[in-house]
Amino acid sequence: MKNKEFIPVSKPVFIGNEKIYVNNCLDSTWISSNGEYIERLERKFAEYIGIKHAIACSNGTAALHLALLAIGIGRGDEVIVPALTFVATANAVEYTGAKPVFADCQDDTWNIDPHKVEKLITSRTKAIVVVPLYGHPCEMDSLVKLSRKNNIYLIEDAAEAIGAIYRGRKCGSIADLSTFSFYGNKTITTGEGGMVVTNNDGLHKKVRLFKTQGMDPNRRYWFTTVGYNYRMTNIQAAIGLAQMENVDKFIEKRRQIAESYRANLFGIPGLTLPVERDDCTHSYWMYSVLFENEFGADRDAAIKTLYDHGVETRPFFYPMHIMPVHKQNSHADLKLSEKISSKGINLPTFFELKEKQIKYISQIIRELNSK
Ligand SMILES: *Cc1c(COP(=O)(O)O)cnc(C)c1O
């Protein structure tokens with residue numbers, strides 16, 4: 001069953017107005033961070049998420065940094081983040097001088113566990129950042145309750161969860177502030193890009209202030225705080241707007257891909273498929289499986305065999321606390337994050353992935369787990 005064609009783990013798709021809008025930028029010379037597409041993207045994005053304000057910025061990490069700056073996080077503060085996430089979540093906390101405190105995950109969703117978060121809250125805790133990992137929503141009602149009870153902010157790093165739904169509300173519409181990434185492998189892309197969203201007028205103003213060097217919005221070249229240049233360009237926004245015009249189609253396709261993987265991978269001993277809880281709609285940024293079979297292949301062998309058959313996959317993120325850069329004196333039990341991290345892989349998940357490719361990938365996995 002050798003297949004010469006290489007199947008990447010992800011791949012962007014441009015089937016809409018991307019070229020037309022980018023050419024409009026060039027023709028009009030509005031290629032920098034002013035221009036109609038920034039506002040049009042922000043408005044469209046806010047409407048899609050179901051939120052009042054959306055602020056475009058240079059990438060998803062900058063979006064997180066802006067969200068933390070807006071709520072005044074700084075030296076001496078603690079911010080609870082999941083151990084199992086992409087490093088940007090923890091890095092953004094470090095940029096502010098605050099300390100990230102790592103929380104363990106749930107067994108089924110692989111997301112931050114509200115019960116474990118509660119045990120980590122101290123008098124220094126100022127915020128919780130939650131991450132709907134690979135597109136499955138977090139348990140937001142419990143997390144909102146926890147943050148209200150302790151008078152701390154809740155931020156959702158929804159970089160992987162555009163289009164995901166929790167109890168009738170889109171991911172990104174529930175926390176005090178939420179952030180998105182439009183990196184090339186994300187569900188919609190602008191090359192590099194990000195978005196901060198909020199319903200809070202005051203936080204909205206602060207995000208814009210920090211995004212544009214800290215300039216007083218009513219007085220040009222008068223700076224009231226040390227800000228950053230985290231702007232998005234009109235060209236990026238032009239691509240983003242065209243992508244947003246197709247976002248529903250992108251999500252629907254990812255859900256079909258997940259259905260197909262599930263049908264083809266169901267019942268393989270020791271292979272754990274991703275759950276979708278009853279009150280959630282998964283956005284399947286990445287269809288992911290765990291190799292837990294003591295008889296079949298282990299995770300790293302699976303990655304290698306798939307690669308030898310022309311299929312690119314990715315191991316799960318390392319948990320933050322095992323890497324020297326984010327290692328710290330946390331006594332929290334993070335065993336579940338360690339276990340899931342060591343067993344999981346992301347399978348190819350992108351718009352143009354074909355049914356026969358899913359069957360091909362699934363067949364390799366089936367053979368691997370029946371040795
Ligand atoms: C992609 C991603 C980000 C931010 O990514 P950028 O490359 O800075 O746009 C942040 N958090 C998570 C969980 C991500 O997956």
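Provided above is the structure to which this section pertains.
Residues numbered from 1 in each chain as written. Predicted model: local features only at pLDDT ≥ 70, side-chain atom pairs only at ≥ 80, totals over all residues. Heavy atoms only, no water.

K.L.:
Could you give me a rundown of the sheet that holds strand β10 (residues 271–272), with the residues and numbers involved?
P.N.:
Strand order in the open sheet formed by four strands is β10-β12-β14-β13, with antiparallel pairing between adjacent strands. Two strands close off the open sheet at either side, each with one partner strand: β10 and β13 (314–315). Sheet topology note: the β13/strand β14 (residues 344–347) ladder contains two bridges and is antiparallel. In the strand pairing of β14, R314 is matched with N346. Along the sheet, helix α9 (residues 247–265) contacts β10, β12 (287–291) and β14; its crossing angle with β12, the most-contacted strand, is approximately 25°. Sheet contacts for helix α11 (residues 335–343): β12 and β14; angle to β14, the most-contacted strand, approximately 45°. (Pairing = 2+ DSSP bridges. Helix = DSSP H or I, 4+ residues; strand = E, 2+ residues; numbered from the N terminus. Contact = heavy atoms within 4.5 Å. Axes fitted to C-alpha atoms, helices over the stretch in contact; angles between N-to-C directions.)

K.L.:
Before we move on, can you summarise the site of the ligand with the specific residues and values?
P.N.:
Within the structure, the ligand sits among 14 residues, and T61, D157, E160, S181 and K186 are positioned closest to it. Within the contact set of the ligand, an oxygen atom lies 2.6 Å away from a side-chain nitrogen or oxygen of S181. A total of 390 Å² of accessible area belongs to the ligand in isolation, and the protein chains cover 92% of it. Contributions of two or more residues to the shell around the ligand are made by α3 (60–70) and α4 (87–95). In the shell around the ligand, the residues fall into four nonpolar, seven polar and three charged. (Near = heavy atom within 4 Å. Polar contact = N/O pair within 3.5 Å; in protein donor to acceptor, adjacent residues only side chain to side chain. Areas by Shrake-Rupley, 256 points an atom, 1.4 Å probe, with all protein chains shown as cover. Nonpolar A, V, L, I, M, F, W, Y, C, P; charged D, E, K, R; others polar.)

K.L.:
Give me the pairing of strand β8 (residues 177–181): which residues, what numbers.
P.N.:
Most of β8 is tucked away: five of the five residues are buried. Where burial is concerned, the two faces of β8 agree: the one with L177, T179 and S181 and the one with S178 and F180 are both buried. Sheet analysis places strand β5 (residues 153–157) next to β8, joined by three bridges and oriented parallel. Counterpart to E156 in the pairing with β8 is S178. (Buried < 20%, exposed > 50% of the residue type's maximum accessible area, 1.4 Å probe, protein only.)

K.L.:
Explain the packing of α9 against helix α12 (residues 355–368) to me, and be specific about the residues and the numbers.
P.N.:
Running from N to C, α9 and α12 cross one another at 35°; their axes reach a closest spacing of 9 Å. Relative to α12, α9 is oriented so that their crossing is right-handed. Contact residues: α9 offers I257, S260, Y261, N264 and L265, while α12 offers E355, I358, K359, I361, S362, I365 and R366. In terms of residue class, the contact of α9 with α12 is made up of six nonpolar, three polar and three charged. (Left-handed = near helix turned anticlockwise from the far one by under 90°.)

K.L.:
I'd like to hear about unusual backbone geometry, residue by residue, with values.
P.N.:
A positive phi angle, near 60°, is found at Y134, a position not held by glycine. As for its placement among the helices and strands, Y134 is situated in the loop between β4 (125–130) and α6 (140–149). Here Y134 falls in the buried class, since its relative accessible area comes to 1%. At R167, a position not held by glycine, the phi torsion is positive, near 45°. With respect to the helices and strands, R167 occurs in the loop between β6 (165–166) and β7 (169–170). Take R167: its relative accessible area is 46%, and that puts it in the partly exposed class.

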